[in-house]
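Residue-level listing of the chains:
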Amino acid sequence: MNNNNTEKINIEQTPKKETKYDSNGLSSSQVDARIHRGLTNEKVDSNTLTTREIIRSNVFTYFNFIFAVLATLLILVGSFKNLTFLPVIIGNTLIGIIQEMRSKKVLDNLNMLNAPRTTVIRNGSRDTIDSEQLVQDDLIVLEAGNQIPADAVIVSGLVSVNESLLTGEADEIAKTEGDNLMSGSFVVSGSCTAVLTKVGKDSYISQLTLEATKSDRSEQSEMIRSLDRLVKGVGILIIPIGVIYLVEQCLVKGNNLQAGVTGMVAAVIGMIPEGLYLLASVALVVSTMRLAKQEVLLHDMKCIETLARVDVLCVDKTGTITVPDMEVSGLRLMEADNKDECFQMLCAFSSSMSTDNATMKAMKQYFDSNDDYDKYADDIREYTSKGYRVVVFGVYNKDIPGGALSEPIYPLCFVYLSNAIRNGATNTFEYFAKCGVDIKVISGDNPQTVSEISMKAGISNSDKYIDASTLKDYSDIFNAVDTYTVFGRVTPEQKRMFVKALKAKGHTVAMTGDGVNDVLALKDADCSVAMASGSEAASSVSQIVLLDSDFSRMPSVVLEGRRVVNNIERSASLFLVKNIFSLLMVMLSMIFMKSYPIEPTQLSLISAFTIGIPGFFLAMESNNKRIKGHFLTNVFLKALPAGLTNFLIVGGFVSFCDAFGIKSNSISTAATIILAIVGFMILGKIASPMTKMHTILIVSLIVGCLVCMIALNDLFSMNKLTYQTGMLFVIFAICTEPVFRYLYIACTKLQEKLSSRHR
């Protein structure tokens, strides 16, 4: 279990070494040779599926094939009115295509490298060319403001580089001769000449793009996985059952082809929860719209269910716990007699510097305008252990030699800076603690600093921290993830390993982030959340984007997930009632060589008024109950009482009709009414507590169902009941209530027992 199966993107800095290069750059022939070998800096394409692949994968599915065969058979035998199931199938397919196309568009627009032009030295002269025309070993010139277009090594010059994609902290890092430059980083100040070492698909930023846009269809929520298992299980049964039933009816019993096909289609369609995917998709679309009003964008609708089941939340410090911008919290003078002089020097220094990073921006904003020094005390408490960033401000009394300094710098003061805790962050972490969600803080900053800030934010066990640079491999990380809460000095690859390790331990993991360095971990998490104020790359690969970068929105997303899962769970049980009844009924029909008693159009009528319409309304209601148990188990146990009642009552009714020699089309009509009665019984249980709106809904559905049975009797094959059929119908209709009641009590007790065992 401790083996590291993570696909690595190599971002390690190699030791400094002398790089051989020609100051004239590559010659034209050398450039041509590299182009011929494919060593160019062309942009890599995303790893997403093509439009054709998306359409094909949604249209040419196993069940669409089954439905197409069934529809063809009904058309061939002239039973056109029984094609009422097709609109639902078409709706399922279209929603699937739209969802995947939307996700593809977001990922295809992902562009982590935005360096369209680069200055290159070739044949002894400088020229500015498209970055995609660069080749390996090209000699390029970088200045302040340039994004590094490919991996390179400095051969001359000195630059300060923003490597937030590596460290997660937007600080300047000094780079000089022999140092590596990573593609995607930015030159903040200075200038240098560098040789390209890895270009195109081999560069770090290209590998990151390919990993970030890789399609993974295995990433499904438990609800969707459960629905898939249900559908696949049914898929194994329907073909042999359908074939055996059709052969038995036409060849053994001698029924005509139309009757055999109609009965077979009704049995098969009754076993397939064809409207369940559509219901889940519509419910998720509505949730997406509700969250959008709260400034929350969903790239993947299924993620809100996953977030509602999360038991570990991994967060970064900067941008998640704290705001991105820094502020000066105070300073400490080394000597009390140089207060005014030191302060004036700080003001002059800050006003002359650019605001290229968060530290200098905070210094500039504070010291440009603050000249009231009386508020500073001589004895300022130590800040380094309090979560502050410390900047040493000092003087050098000799000429700067241009290389290493020969004398020590004389410190004048320490300036303490910090990122403010986000508004609502403390309440948010308290909410997750009440929900039983563990918080793991994973940051590229100093572990002690992160620990102190985490304590201020109210994260439990924040005193348990470790420097991730001491964790050498995946096995170390695997052993550490349960022991510590705060991890500092974490690299992007380690962040990914943390997520992998937590998932390997059986946790459902959510990851928040805002930087390019978070992309791979966000991609691997069960649920990923990005702040819109962060990098475009993080927002593009994440399933959830907080548009106002307000972390306090998270509880509302969790509550929305609970609403969706709980409501779809109870609505799904309505669909499963029909599936349980149809499976048992067709098995009974084949064993005793009887005809399936319901026609497809009659099933469509019952499905609409006792399953589809009420299921849609129930799925839209508020429901903040904590999710308990497993989705499929809960759904099955809720549906079982009604499914068994339908089977026992309808099966008994048909058997008695046969025993009394009743040969009439009114049998299917009576059976349909029985299904409707039981359907409204289970609907009343699932819709409890019976509110005013629930009462209005159920009464309206009963009236609508009766109107369709009477006014559209030809469309739904509702015939008049004969005297004998009517008498038997009344007896069996009365029996539905006690049978359903006792089965419901038994299944409820079983569900409670399983839920307590699961907890």
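Parameters and conventions
- Residues numbered from 1 in each chain as written.
- Predicted model: local features only at pLDDT ≥ 70, side-chain atom pairs only at ≥ 80, totals over all residues.
- Heavy atoms only, no water.
- Helix = DSSP H or I, 4+ residues; strand = E, 2+ residues; numbered from the N terminus.
- Contact = heavy atoms within 4.5 Å.
- Pairing = 2+ DSSP bridges.
- Axes fitted to C-alpha atoms, helices over the stretch in contact; angles between N-to-C directions.
- Phe/Tyr/Trp six-rings, centres within 6.5 Å; stacked < 30°, edge-to-face > 60°.
- Buried < 20%, exposed > 50% of the residue type's maximum accessible area, 1.4 Å probe, protein only.
- Disulfide = S-S within 2.5 Å.
- Expected span 1.5 Å × (residues − 1).
- Bend = angle between axes of the 7 residues up to and from the residue.
- Patch = residues over 30% accessible without salt bridge, like charges linked within 9 Å, V, L, I, M, F, W, Y side chains within 5 Å.
- Areas by Shrake-Rupley, 256 points an atom, 1.4 Å probe, with all protein chains shown as cover.
- Salt bridge = Lys/Arg side-chain N within 4 Å of Asp/Glu carboxyl O.
- Parallel < 35°, antiparallel > 145°, perpendicular 65-115°, else oblique.
- Left-handed = near helix turned anticlockwise from the far one by under 90°.
- Nonpolar A, V, L, I, M, F, W, Y, C, P; charged D, E, K, R; others polar.
- Core = buried A, V, L, I, M, F, W, Y, C linked by side-chain atoms within 4.5 Å.
- Polar contact = N/O pair within 3.5 Å; in protein donor to acceptor, adjacent residues only side chain to side chain.
- pLDDT = per-residue confidence, 0-100.

**Topic: the overall build of the chain**
Looking only at helices and strands, one finds 24 helices and 18 strands in the chain. At a minimum sequence separation of 6, the contacts of the chain that also span at least 24 residues come to 75%.

**Considering the sheet that holds strand E15 (residues 486–488)**
Taken together, eight strands build an open sheet; the order of strands is E8-E18-E17-E16-E9-E13-E15-E14 and the sheet is mixed. Because the sheet does not close on itself, it has two edges, and the strands there are strand E8 (296–298) and strand E14 (465–467). Pairwise comparison of adjacent strand axes, ignoring direction, gives a mean angle of 20° for this sheet.

**Concerning the packing of aromatic side chains**
Scanning the model with the defined rule gives nine aromatic pairs in all. Ring geometry for phenylalanine 740 versus tyrosine 744: centroids 5.8 Å apart, planes at 35°, classification tilted. Of the two residues, phenylalanine 740 and tyrosine 744 both sit in helix H24 (residues 723–758), four residues apart, roughly one turn of that helix. Phenylalanine 740 sits in the buried class, given a relative accessible area of 4%. What makes tyrosine 744 partly exposed here is its relative accessible area of 25%. Through successive ring pairs, a cluster of aromatic residues spans Phe653, Phe656, Phe660 and Phe732.

**Some words on the state of the cysteines**
Taken as a whole and judged by the stated rule, the model has zero disulfides. Unpaired in terms of disulfides, cysteine 413 finds its nearest cysteine sulfur in cysteine 342, a separation of 3.5 Å.

**A few points about helix H19 (residues 554–591)**
Between the first and last C-alpha of H19 there are 54 Å, a value that for 38 residues agrees with the 56 Å anticipated at 1.5 Å per step. Its axis deflected by about 30° at phenylalanine 575, H19 carries its strongest bend there. For H19, the buried fraction is high: 32 of the 38 residues fall into the buried class.

**A look at unusual backbone geometry**
Going from serine 688 to proline 689, the amide bond is cis rather than trans, its omega being 0°. If you trace the backbone, proline 689 turns up in the loop between helix H22 (666–686) and helix H23 (692–711). Positive phi is not limited to glycine here, since asparagine 461 has a value of about 60°. You can see asparagine 461 is positioned in the loop between helix H14 (447–456) and E14.

**Quick look at a nonpolar patch on the surface**
Where nonpolar side chains cluster on the molecular surface, the patch consists of Tyr62, Ile239, Val243, Val247, Leu251, Val252 and Met593 and spans about 640 Å² of accessible area. The dominant element in the nonpolar patch, judged by the number of residues it contributes, is helix H7 (residues 222–252), at five residues. Position of isoleucine 239 among the secondary structure elements: in helix H7.

**Some details on the packing of H7 against H19**
To characterise two packed helices, one gives the angle between the axes of the helices and the distance between these axes. Put simply, H7 and H19 touch, their axes get as near as 11 Å, and they point 20° apart. One element, H7, and the other, H19, form an angle in the roughly parallel class. Seen from above, H7 lies across H19 with left-handed handedness. Facing H7, whose interface residues are Met223, Leu230, Leu237, Ile241, Ile244, Tyr245 and Glu248, H19 presents Ile568, Leu576, Leu583, Val586, Met587, Ser589 and Met590. Residue composition of the contact of H7 with H19, grouped by class: 12 nonpolar, one polar and one charged.

**Regarding the environment of cysteine 735**
Residue placement: cysteine 735 occurs in helix H24. By relative accessible area, which is 33% here, cysteine 735 ends up partly exposed. Distance in space between the C-alpha atoms of cysteine 735 and threonine 645 is 9.4 Å, their sequence separation being 90 residues.

**A closer look at the pairing of strand E2 (residues 125–130)**
Residues in a regular strand point their side chains to alternate faces of the sheet. Of the pairings in the sheet, the one linking strand E1 (residues 117–122) to E2 comprises six bridges and is antiparallel in character. Paired with threonine 118 across the two strands is isoleucine 129, which belongs to E2.

**Remarks on helix H21 (residues 631–659)**
End to end, H21 covers 41 Å across 29 residues, agreeing with the expected 42 Å (1.5 Å per residue, within 8%). The largest bend in H21 amounts to roughly 40° and is located at leucine 640, with the proline proline 641 lying one to four residues further along. Looking one or two residues beyond H21, the residue adopting positive phi is glycine 661, at roughly 70°.

**Considerations on the nonpolar core**
General note: in soluble globular proteins, nonpolar side chains tend to be found buried as a group. One finds Leu307, Phe429, Ile544, Tyr596 and Phe653 to be the most contacted residues of the largest nonpolar core, which totals 126 residues. Top element by residues in this core is H19. It accounts for 15 residues. Not counting the four nearest positions on each side in its chain, tyrosine 596 is found in contact with Tyr245, Gly263, Ala266, Ala267, Phe581, Ser582, Met585, Val586, Ser589 and Leu603. Within the second largest apolar cluster, 27 residues are counted, among which are Phe487, Met497, Val509 and Ala538.

**A look at the packing of helix H20 (residues 600–619) against H22**
Where H20 meets H22, the closest approach of the two axes is 9 Å, and the angle between their N-to-C directions is 10°. Between H20 and H22, the angle is such that the two are roughly parallel. Two secondary-structure elements touch here, H20 through Gln602, Ile606, Phe609, Thr610, Pro614 and Leu618 and H22 through Ser668, Thr669, Thr672, Leu675, Ala676, Gly679, Phe680, Leu683 and Ile686. Its residues assigned to classes, the contact of H20 with H22 comprises nine nonpolar, six polar and no charged.

**Considerations on the environment of lysine 317**
Mapped onto the fold, lysine 317 is located in the loop between strand E9 (312–315) and strand E10 (322–333). Sequence-wise, lysine 317 and valine 486 are 169 residues apart; in three dimensions their C-alpha atoms are separated by 9.8 Å. When near neighbours in sequence (up to four residues on either side) are disregarded, lysine 317 contacts Thr322, Asn419, Ser443, Asp445, Val450 and Ile453. Here the side chain of lysine 317 touches aspartate 445 through a polar contact of 3.4 Å, side chain to side chain.

**What to know about the pattern of salt bridges**
Summed over the entire model, instances satisfying the criterion amount to 15 salt bridges. For the salt bridge of aspartate 482 with lysine 505, the shortest nitrogen-to-oxygen distance reads 3.4 Å. In this pair, aspartate 482 sits in the loop between helix H15 (474–480) and E15 while lysine 505 sits in the loop between helix H16 (492–504) and strand E16 (509–513), placing the two residues 23 residues apart along the sequence. Using a relative accessible area of 47% as the deciding quantity, one classes aspartate 482 as partly exposed. Here arginine 496 makes a salt bridge to aspartate 524, at a shortest N to O gap of 2.6 Å.

**Describing the confidence of the model for the chain**
Close reading of the predicted structure is inappropriate where its pLDDT is low. Confidence in the prediction of the chain, expressed as mean pLDDT, is 79, and 83% of residues score 70 or more. The model gives residues 1–15 a pLDDT under 50, and that stretch makes 40 contacts with residues more than four places away or in other chains. Low pLDDT (under 50) marks residues 372–381, which in the prediction has 15 contacts with non-local residues, meaning those over four places away or in another chain.

**A look at the side chain of serine 462**
Topologically, serine 462 is positioned in the loop between H14 and E14. Residue classification places serine 462 among the buried residues on the basis of a relative accessible area of 2%.

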